[in-house]
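Here are the chains, one letter per residue:
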Amino acid sequence: MTKIKALSLAATAALALAVLPAVAEAKSKAYCQQYAHRYASKYAGGSIVGGAVTGGLIGGVIGSLSGNFGQGLGIGAGIGAVTGVLGSSQHYDRLYWRGYNACRKW
């Protein structure tokens with residue numbers, strides 16, 4: 001074997017060893033899907049309840065101004081819960097993909 005072939009083989013082996021750890025540490029799609037679900041669940045919670053409470057309070061105030069606190073409270077809570085569900089779904093989706101993409105980059 002000539003010196004050039006030996007040197008070329010050694011350089012190729014060194015390059016392969018330098019690249020392998022990065023490839024071996026890449027996270028699988030299934031792992032990142034689970035990670036993203038946990039991440040989104042942790043940070044997206046509370047929007048439905050928060051929406052219902054906030055809507056209920058605002059509805060109660062408006063209802064008390066019109067003379068019917070209980071009805072305003074119920075309507076406001078219902079509207080707040082629906083708004084919370086819609087906002088929560090979009091927020092969860094954004095958080096899921098943020099977590100998934102971050103996981104795949106590691």
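No experiment lies behind these values; they were computed from the predicted model shown. (Residues numbered from 1 in each chain as written. Predicted model: local features only at pLDDT ≥ 70, side-chain atom pairs only at ≥ 80, totals over all residues. Heavy atoms only, no water.)

### Focus: the nonpolar core
Within soluble globular proteins, side chains that are nonpolar tend to cluster in buried spots.
Consideration 1: Judged by nonpolar contacts, C32, A36, A40, A44, L95, Y96, Y100 and C103 together constitute the single largest core of eight residues.
Consideration 2: Discounting residues that sit within four places of it in the chain, C103 has contacts with K27, Y31, C32 and Y35. (Core = buried A, V, L, I, M, F, W, Y, C linked by side-chain atoms within 4.5 Å. Buried < 20%, exposed > 50% of the residue type's maximum accessible area, 1.4 Å probe, protein only. Contact = heavy atoms within 4.5 Å.)

### Some points on the confidence of the model for the protein
Detailed reading of the predicted coordinates is not advisable wherever pLDDT falls low.
Consideration 1: Within the protein, residue pLDDT values average 75, and 65% of them lie at 70 or more.
Consideration 2: Within the protein, the lowest mean pLDDT, 57, falls on helix 1 (residues 3-24), and the highest, 90, falls on helix 2 (residues 29-44). (pLDDT = per-residue confidence, 0-100. Helix = DSSP H or I, 4+ residues; strand = E, 2+ residues; numbered from the N terminus.)

### Notes on helix 2
Consideration 1: The end-to-end C-alpha separation of helix 2 is 22 Å, in line with the 22 Å expected for 16 residues at 1.5 Å each.
Consideration 2: Listed in full, the buried residues belonging to helix 2 are C32, A36, A40 and A44. The arc enclosing the buried residues of helix 2, seen along the axis, measures out at 75°, which places them on a common side. (Expected span 1.5 Å × (residues − 1). Arc of directions from axis to C-beta.)

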